[in-house]
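The residues making up each chain are set out below.
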Amino acid sequence: MWHLVGQSGRRWFCAPRALLSALPVKGIVGRMFLGEYQHLIDDKSRLTIPAKFREALAKGCVITRGFEKNLIIYTTKEFGELIKRSHQMSATDPESRDLKRFIFAGASEAAPDKSGRVLIPPALRTHAALESEVFVIGVGQQIEVWSKTGWEEQLAKMNDPEANSRRFAALNLSTGS
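To keep things clear, this report deals only with the structure shown in the data block. This is a predicted model, so every value here is computed, not measured.

## Considering the pattern of salt bridges
It is possible for side chains bearing opposite charge to pair when their charged atoms get close. Scanning the entire structure with this criterion turns up 5 salt bridges. Between lysine 84 and glutamate 81 there is a salt bridge, and its shortest N-O distance comes to 3.4 Å. With a gap of 3 residues between them, lysine 84 and glutamate 81 both fall in helix H4 (residues 76–87), about one helical turn apart. Glutamate 81 sits in the partly exposed class, given a relative accessible area of 30%.

Here you go:
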């Protein structure tokens, strides 16, 4: 069975499933933030970004409130996409306005310094209850920053077998044919 249509030069082709399984995922994974890192915020409120994430943030990033008591760090490109999507939201819808306020009012542009650190503004640090010990989590297209306590609570929720069964069933992550 053919599953992927692609273009090579001027010719279109269909790729068989066997070929798809042989495609390298490194390119896809290389464009994602992955992993869990324990870091410190220094006395000047600077967070050291994990070395694996620094190149993607070298041109700058945006730090904003997360939906739980955490922070989200976007690349400037990803944040630009978020801005574009927000323009499609209705200005007359109160929930849309609230969401825009939540994301954009707390947003702060940043750029890692030569040591790979970004400044966490006081309001954002308060929002996420960040002390000196934090967890930096790669979650695909963005990075989350959690307090030690907040991340431990999140892990406890994520490690609930019944809840995970429901989550994974909804995602249909089966690898079978």
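That was the structure; now back to the text.
## A word on the sheet that holds strand E3 (residues 33–40)
With respect to topology, 6 strands assemble into an open sheet ordered E3-E9-E10-E6-E5-E7, the strand pairing being antiparallel. Each edge of the open sheet carries a strand with a single partner, namely E3 and strand E7 (108–110). Strand-to-strand twist in this sheet, taken as the mean axis angle between neighbours without regard to direction, amounts to 25 degrees. Pairing of strand E5 (residues 61–65) with strand E6 (residues 71–75) involves 5 bridges; the strand directions are antiparallel. Across the sheet, the residue bridging to valine 62 is tyrosine 74, located in E6. Its contacts with the sheet put H4 on E5 and E6, and the angle it makes with E6 is roughly 100 degrees. The strands touched by helix H7 (residues 148–158) within the sheet are E3, strand E9 (133–140) and strand E10 (143–147), with E10 carrying the most contacts at an inclination of about 110 degrees.

Thresholds applied
- Residues numbered from 1 in each chain as written.
- Predicted model: local features only at pLDDT ≥ 70, side-chain atom pairs only at ≥ 80, totals over all residues.
- Heavy atoms only, no water.
- Salt bridge = Lys/Arg side-chain N within 4 Å of Asp/Glu carboxyl O.
- Helix = DSSP H or I, 4+ residues; strand = E, 2+ residues; numbered from the N terminus.
- Buried < 20%, exposed > 50% of the residue type's maximum accessible area, 1.4 Å probe, protein only.
- Pairing = 2+ DSSP bridges.
- Axes fitted to C-alpha atoms, helices over the stretch in contact; angles between N-to-C directions.
- Contact = heavy atoms within 4.5 Å.

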